[in-house]
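Structural features, examined
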Amino acid sequence: MRLTLLVVLFAVAASAQSAADLAAGRAQFESRCGGCHGGDGKGGPRAPDVVTPGFAQRRDADQVKELIRKGVPDRGMPGFEVPEPALGQLVAFYLSLTAPASQTPPLGGEAGVADGEKLFFSSGCANCHVRSAEAKVIGPDLSSIGADRTRGEIVASLEDPSARIEPGYEVVSLTLRDGEKLRAFARNRSLFDLQLQTFDGRFRFLDMDDVASATWEEKSLMGSKLTPGAVEVLADFLSRQDGKTGKLASLRAGGSSGALPFSRIVEPEAGQWPTYNGDIRGNRHSSLTQITPENVKELRPAWVIRVPNAPRDLEMTPLVSDGVMYVTAANTVMALDAEHGREIWTWQRPRTPDAMGDARTGANRGVGLAGDKVFYATDDAHLVALDRLTGRLLWETEMADHREHYGGTLAPLVVKDLVLGGVGGGDEGIRGFLAAYDVNTGAERWRFWTVPLPGEPLSETWKGSVLPHGCGGTWLTGTYDAELDTLYWPVGNPCPDMNGDEREGDNLYSDSMLALDPDTGKLKWHYQYTPHDEFDWDANQTPVLVDRDWQGKPRKLLLHANRNGFFYVLDRVTGELLRAEPFVEKMTWAERIDENGRPVLADDQRPTFAGNIVCPGMAGAANWPSPAYDPRTGLFVIQATEYCQIYNKREETWQQGKGFFGGSAKNVPGEKKKRYLRALSVDTGKVEWDVYQGDGGWRTWGGVLSTDSGLVFYGDDSGAFAAVRSSNGERLWHFNMDAMWHSSPMTYTVNGKQYVATSASRGVVAFALPD
């Protein structure tokens, strides 16, 4: 339809594009057609409505001219011989009735637009339709109304606002059983619950049992009736609001009183979960204590919801801010009432048919939040900003061309006035990068390349023919230290994954941790875990930032359980390695990490053409599902896997439309993969306790969550959601869901009640204690 509409609009542009031509066309229509169709094209005494949606889109300018000349005799419409230029003017007016208002000239010209703008801001319209903390009512966003509606539809809404109230903006007046009175917009409702948006832009959710009476108002909140002249100039002004260049779009950066400031992201209140890991420092640990080892056995599902457009098991972590939960699937974002699991809004777009890698499978790890915006990475490596109240698209930026094998799967991270976006495609031969974008406009502010071009600095660490297709994906969300003002971001594996013959050297910055200045993208330090990786052991595991004593002195640490099987403790100020200890027993590729921070490689432990057994296997001893550090116990809890694989390499060159693996990894015949929930001592690096997850082999990819009450929640490999005591791993509770875990749990509160939520297969489930 969009393509057809563009053809129509180009035809309009060719025939007439001035207000004078449209006015002349309107006069032609009224004199020749108005007797049957009505002067505004909306139907008359003897003929149908000619502005039915899709009617004009099925005809271009030439087809409309032919229709006028020949008529429709079997329907009683005679033909007309209309000379030029009158015919072109008539056609232009006819097409303008169904084209988006922003793509047709304003009837009053630029003077009408200017007069309409003055009236919009002087008459009080801006008090409801311009987002700001001072707004009297946060009503429907009109910043793209010119792209969403025809001029006729805009005029109709101005003439009779109550005839078409925007869905989700019906006004309800309530009296609650405790005597409180409310008047708000009803965003959604059922027989059991009600989702409200208060006039100041906040959400409030109610059980219908708490409502004594409800009166649904049939009238719009818009004021007194407008004069015809006021309607015309307001329509001219609103028709220019295309969501990009209009006056109202330029004012959208202002936040409502319910907006989320960065200060609340850096230091979230207990019960909020505003970033991928809950804490921007990366520690998936909560101070909530309502659910305890003593009462966790009473935990039960509070609600469940299926997420649309989920082609695979969900990988995202839900975010919760002020009672609203944000969940995602492939090119899908939903806002939910976090108390009842009821939808508030959904944003969707079709999946990209030629996406590659994980993006092709529909993988996505969630959203970022800031102000009045929700940030999301689409499968074709675009970064979008959505309105938190409505889900309306505010801006969109292409991070990279997906036809060059880039994809978007990460949960964006907001740092101050920037939103950070990384890219997938780390097994498909991309040139990896991390980029920062303005939260209000989407304009790129800086870009840090993880792989050099031939001849650039660090290209000497890539000897051979691989560049620029060295990969180094940045698809896992990093972390941030506000005190040091430093961004920490993990980098993926080099390509081809299992054949390093054409990339001799360390292959920087693959498999590295980057410490960056968030304002400029300038590198402060880096640490490479697996130089010249030939096992696909990316460093895309969460860097957890903790402050604690180290050997008797306070120190700022970065904790990282790497895919290569070593647990690293770094000084996050300098990048100095403080300790690296293996956290799995099946470790054959390296003997240890030396005093310079480099692995001491074991003999004959590389992929070969014939195949070579190496431990750990390709998916690693740990992977991207999140760990948690419990400051009460000093334990770092992860999901660990003990296994080996047969690594084969093959000759491979990069090809458009194909992966760039350079080999494969196969299971060792007769070996059982063993999955453990494992707690590591930060002080010693040793395993303090672990929970074996059964003989079924390794089939799930769940992360962990710890709480101040002494619990660790995790997705067990059996498919159950479970909780253990954080001090010793004692099993306390489980709920069998038969879920294929590909995500990490989180916790939040609404109205003083604690919930624990997780993605489970293709939906989301929230658990809570009974009332």
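Quick caveat: nothing in here was measured; it's all calculated off a predicted structure.

The next thing to look at is the packing of helix 9 (residues 151–159) against helix 10 (residues 228–239). The interhelical angle for the contact between helix 9 and helix 10, taken along N-to-C directions, is 130 degrees, at an axis separation of 9 Å. Between helix 9 and helix 10, the interaxial angle falls into the category oblique. Relative to helix 10, the crossing made by helix 9 is right-handed. Across from R151, I154, V155, L158 and E159 in helix 9, the residues of helix 10 making contact are V231, E232, L234, A235, D236, L238 and S239.

This part covers the sheet that holds strand 43 (residues 763–768). Pairing in this open sheet of four strands is antiparallel, and the strands run 7-43-42-41 from one edge to the other. At either margin of the open sheet sits one strand with a lone partner, and together these are strand 7 (300–306) and strand 41 (746–750). Recorded for the sheet is a direction-independent mean angle of 30 degrees between the axes of neighbouring strands. Of the strand pairs in this sheet, strand 41 and strand 42 (residues 753–760) are connected by five bridges, and their pairing is antiparallel. Among the inter-strand pairings, M746 is bridged to a residue of strand 42, identified as A757.

A separate point is the state of the cysteines. By the definition in use, this model includes two disulfides. There is a disulfide in this structure between C471 and C495, and the S-S distance comes to 1.9 Å. Judged by the sign of its S-S torsion, about -90 degrees, the cystine formed by C471 and C495 is left-handed. Highlighted residues: C471 in the loop between strand 19 (444–449) and strand 20 (479–481) and C495 in the loop between strand 21 (486–490) and strand 22 (512–516), separated in sequence by 24 residues. Residue C471 is classed as buried on the basis of its relative accessible area of 0%. Note on cysteine connectivity: C615 is disulfide-linked to C644, with sulfurs 1.9 Å apart.

Attention now moves to the sheet that holds strand 24 (residues 544–550). Ordered in space as 24-25-26-27, the four strands form an open sheet in which the pairing is antiparallel. Taken across any chain shown, the strands that pair with only one partner, and hence form the sheet edges, are strand 24 and strand 27 (577–582). Direction aside, neighbouring strands of the sheet carry axes that sit 30 degrees apart on average. For strand 26 (residues 566–571) and strand 27, the ladder comprises five bridges, and the chain directions are antiparallel. Among the inter-strand pairings, F566 is bridged to a residue of strand 27, identified as P582.

A few words on the confidence of the model for the protein chain. Looking at the protein chain, the pLDDT average stands at 90 and 93% of residues meet or exceed 70. Note on residues 41–47: pLDDT is under 50 here. Beyond four places in sequence and across chains, it has 24 contacts. Low confidence marks residues 52–58, where pLDDT is under 50. Its contacts with residues over four positions away, or in another chain, come to 13 contacts.

Turning our attention to the nonpolar core. By size, the foremost hydrophobic cluster in this structure holds 97 residues, and its most contacted members are M325, F713 and Y748. Counting 41 residues, the second largest nonpolar core, distinct from the first, contains Y488, V544, V569 and A621.

Our next topic: the packing of helix 6 (residues 109–122) against helix 10. The geometry of helix 6 relative to helix 10 is characterised by a closest axis approach of 7 Å and an angle of 100 degrees between their N-to-C directions. By the angle between their directions, the pair helix 6 and helix 10 is classed as roughly perpendicular. Within the contact between the two elements, helix 6 uses G109, G112, V113, D115, G116, E117, L119, F120 and F121 and helix 10 uses A230, V233, L234, D236, F237 and L238.

Here we take up the environment of Y647. Here Y647 is to be found in strand 33 (residues 645–649). Here the alpha-carbon distance between Y647 and P607, two residues 40 residues apart in the chain, equals 4.8 Å. From its side chain, Y647 meets the backbone oxygen of P616 in a polar contact 2.9 Å long.

Reading guide: rules and limits
Sequence order sets the numbering: in each chain, residues are counted from 1 along the sequence as written. Restriction of local features to residues with pLDDT of at least 70 applies here, the model being predicted, together with a cutoff of 80 or more for giving and counting side-chain atom pairs; totals for whole chains, interfaces and linings are based on all residues. With hydrogens and water excluded, all non-hydrogen atoms of the structure serve as input to the side-chain values. Axes, fitted as lines to C-alpha atoms, cover a helix only where it is in contact. Angles between the N-to-C directions of the axes lie from 0 to 180 degrees. In DSSP terms, a helix is any run of H or I states spanning at least four residues, a strand is any run of E spanning at least two, and both are numbered starting from the N terminus. Here is the rule for angles: anything less than 35 degrees is roughly parallel, anything more than 145 is roughly antiparallel, 65 through 115 is roughly perpendicular, and the remaining ranges are oblique. By definition, turning the near helix anticlockwise from the far helix through less than a right angle yields a left-handed crossing, and turning it clockwise yields a right-handed one. The contact rule is simple, with two residues in contact once any of their heavy atoms fall within 4.5 Å. Strands pair, by our definition, only if DSSP identifies at least two bridges between them. Note on terminology: disulfide denotes any pair of cysteine sulfur atoms within 2.5 Å. Here the term buried applies to any residue with accessible area under 20% of the maximum for its type, exposed to any over 50%, and partly exposed to those in between, with areas from a 1.4 Å probe on protein chains only. The predictor attaches a confidence to each residue, and that confidence, scored 0 to 100, is pLDDT. Here, nonpolar core refers to any group of buried Ala, Val, Leu, Ile, Met, Phe, Trp, Tyr and Cys residues whose side-chain atoms link them within 4.5 Å. For this analysis, a polar contact is any N or O atom pair within 3.5 Å, provided that within protein one partner can donate a hydrogen and the other can accept it, and provided that sequence-adjacent residues contribute only side-chain to side-chain pairs.

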